[in-house]
Amino acid sequence: TQLLEQSPQFLSIQEGENLTVYCNSSSVFSSLQWYRQEPGEGPVLLVTVVTGGEVKKLKRLTFQFGDARKDSSLHITAAQPGDTGLYLCAGRGAGSYQLTFGKGTKLSVIP
Amino acid sequence: ETGVTQSPTHLIKTRGQQVTLRCSSQSGHNTVSWYQQALGQGPQFIFQYYREEENGRGNFPPRFSGLQFPNYSSELNVNALELDDSALYLCASSLEGFGSTDTQYFGPGTRLTVL
């Protein structure tokens, strides 16, 4: 069974601060996705990374896939209140239809 | 382009009852996946339907069953409801359902409470 562990589970920071969220596994994934979920809504895809060592940037968000494709990180620069939400990582094994999600990191950005 | 829709939004049932949840896929998508998200947890994969056939199932008992219709809309049925079935049920549609870069588009979910 493939498992994804996210840390930290909760994060409360002031507006303007930087933060990093981690997603780790002992399994290799062919791809890893990051989602953001707001209360009462379904997750919304932010990014997909597929190559070991890959780095993708989405405005103030930077996503990295580990060289061994077992881990990933999400870094947010100068966090804003609009970044508040539940951040989920999800991995897919080679040839698999199944997405395995982590438990999520609940981020609160205080104005 | 219409996104993924789910009905109902909220539902309250009692233990032992049966429930049917519905999902309409995004236009052009032939694959639907269902997930259970308990409070404080990430979504857990229940099963996936591709062109009306179940093509994958997670670690859920047989009382969780589903259907996909010719228009690619889908139903999730849960029999003999248990208290632990209380959760947000999400459906997600995609073009093919597999492949490293397949993108799933999630609906807003149905909040099921079992008393």
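Scroll up to find the structure this text is about.
Per chain, the residues get numbers from 1 upward, laid out in the order the sequence is written. Ligands are numbered from 1 and chains lettered from A, in the order in which they are written. Under the rules for a predicted model, residues below a pLDDT of 70 receive no local features and side-chain atom pairs below 80 are neither given nor counted, while totals for whole chains, interfaces and linings still include all residues. Where side-chain values are given, they derive from all heavy atoms of the structure, hydrogens and water being excluded.

*Asks:* Quick question: what am I supposed to make of the environment of Arg 36 of chain A here?
*Replies:* Residue and element names in this part refer to chain A. Note on conventions: DSSP H or I runs of at least 4 residues are helices, E runs of at least 2 residues are strands, and numbering of each starts at the N terminus. Looking at the secondary structure, you find Arg 36 in strand S4 (residues 31-37). C-alpha separation for the pair Arg 36 and Tyr 87, spaced 51 residues apart in sequence, amounts to 4.6 Å. Look past the residues within four positions of Arg 36 in its chain and what remains in contact with it is Gly 42, Pro 43, Val 44, Leu 46, Gly 82, Asp 83, Thr 84, Leu 86 and Tyr 87. Polar contact is the term for a pair of N or O atoms within 3.5 Å; when the atoms are in protein, one must be able to donate a hydrogen and the other to accept it, and sequence-neighboring residues count only if both atoms are side-chain atoms. Here Gly 82 takes part through its backbone oxygen, which lies 3.2 Å from a polar atom of the side chain of Arg 36. Any two residues whose heavy atoms approach within 4.5 Å are treated as being in contact.

*Asks:* Looking at this model, I keep getting lost on the interface of chain A and chain B. Mind explaining?
*Replies:* Many authors give the size of an interface as the accessible area that is lost as the parts come together. Taken together, the contact between chain A and chain B spans 22 residues of the former and 24 residues of the latter. Summed over both partners, the accessible area lost on bringing two parts together, with a 1.4 Å probe, is the buried area. Each partner contributes to the roughly 1,600 Å² buried at the junction of chain A and chain B, and carbon and sulfur atoms together form 53% of this total. Just to be clear on terms, a salt bridge is a Lys or Arg side-chain nitrogen sitting within 4 Å of an Asp or Glu carboxyl oxygen. For the pair chain A and chain B, the interface holds 0 salt bridges. Summed over the shared surface of chain A and chain B, the result is 2 residue pairs in polar contact (both at pLDDT 80 or more).

*Asks:* Explain the state of the cysteines here, please?
*Replies:* A disulfide bridge is the covalent bond that connects two cysteines by way of their sulfur atoms. Criterion for a disulfide: a pair of cysteine sulfur atoms within 2.5 Å. The tally for this structure, following the rule as stated, stands at 2 disulfides over all chains. Between the sulfur atoms of Cys 23 of chain A and its disulfide partner Cys 89 of chain A the distance amounts to 2.0 Å. Since a negative S-S torsion denotes a left-handed disulfide, the Cys 23 of chain A-Cys 89 of chain A link at about 75° is right-handed. Taken as a pair, Cys 23 of chain A in strand S3 (residues 19-24) and Cys 89 of chain A in strand S9 (residues 85-92) lie far apart in primary sequence, 66 residues in all. Take Cys 23 of chain A and Cys 89 of chain A: they sit in the same class, and that class is buried. Shown here is the disulfide that connects Cys 23 of chain B with Cys 91 of chain B, its sulfur atoms set 1.8 Å apart. What sets the handedness of the Cys 23 of chain B and Cys 91 of chain B disulfide is the S-S torsion sign, and at about 60° it is right-handed. Placement of Cys 23 of chain B in strand S3 (residues 19-24) and of Cys 91 of chain B in strand S9 (residues 87-94) is noted, with a sequence separation of 68 residues between them. In this pair, the class of Cys 23 of chain B matches that of Cys 91 of chain B, namely buried. Exposed residues in this analysis have more than 50% of their type's maximum accessible area, buried residues have under 20%, and partly exposed residues fall in between, with area computed by a 1.4 Å probe over protein chains only.

*Asks:* Explain the sheet that holds S3 of chain A here, please?
*Replies:* Strands pair in a sheet through their backbones, by hydrogen bonds, and they do so in one of two ways: parallel or antiparallel. Residue and element names in this part refer to chain A. Strand pairing is assigned whenever DSSP detects at least two bridges linking the two strands. Strand order in this open sheet of 5 strands is S1-S3-S8-S7-S6, and the pairing throughout is antiparallel. The sheet is open, and its two borders are formed by strand S1 (5-7) and strand S6 (55-58), each paired with just one other strand. The sheet shows a mean angle of 15° between the axes of neighbouring strands, direction not considered. For helices, the fitted line uses only the C-alpha atoms of the stretch in contact; every axis is such a line through C-alpha atoms, and the angle between N-to-C directions lies from 0 to 180 degrees.

*Asks:* I keep staring at the pairing of strand S11 (residues 105-110) of chain A and nothing clicks. Help me out?
*Replies:* All names here are of chain A. By the alternation rule, side chains of S11 split into Thr 105, Leu 107 and Val 109, which are all buried, and Lys 106, Ser 108 and Ile 110, of which none is buried. For strand S2 (residues 10-14) and S11, the ladder comprises 5 bridges, and the chain directions are parallel. Residue Ser 12 lies in a different strand from S11, and its bridge partner there is Ser 108. Pairing of S9 with S11, which is carried by 3 bridges, proceeds in the antiparallel orientation. Pairing of Tyr 87 across the sheet is with Thr 105, part of S11.

*Asks:* Just checking my understanding: could you explain the side chain of Gln 36 of chain B for this structure?
*Replies:* Residue and element names in this part refer to chain B. Turning to its location among the elements, Gln 36 is positioned in strand S4 (residues 31-37). Reaching out from Gln 36, the side chain makes a polar contact with the side chain of Tyr 89 at a distance of 2.9 Å. Non-local contacts of Gln 36, meaning those with residues more than four positions away in its chain, are made with Gly 42, Pro 43, Gln 44, Ile 46, Phe 60, Phe 64, Asp 84, Asp 85, Ala 87, Leu 88 and Tyr 89.

*Asks:* Sorry, what's going on with the sheet that holds S3 of chain B here?
*Replies:* Residue and element names in this part refer to chain B. Taken in spatial order, the 4 strands line up as S1-S3-S8-S7 in an open sheet, and their pairing is antiparallel. Each having just a single partner strand, strand S1 (5-7) and strand S7 (64-68) make up the two edges of the open sheet. Adjacent strand axes in the sheet meet at a mean angle of 20°, parallel and antiparallel pairs treated alike. As paired elements, S7 and strand S8 (residues 74-78) share 5 bridges and run antiparallel to each other. When the bridges of S8 are listed, Gln 68 appears paired with Ser 74.

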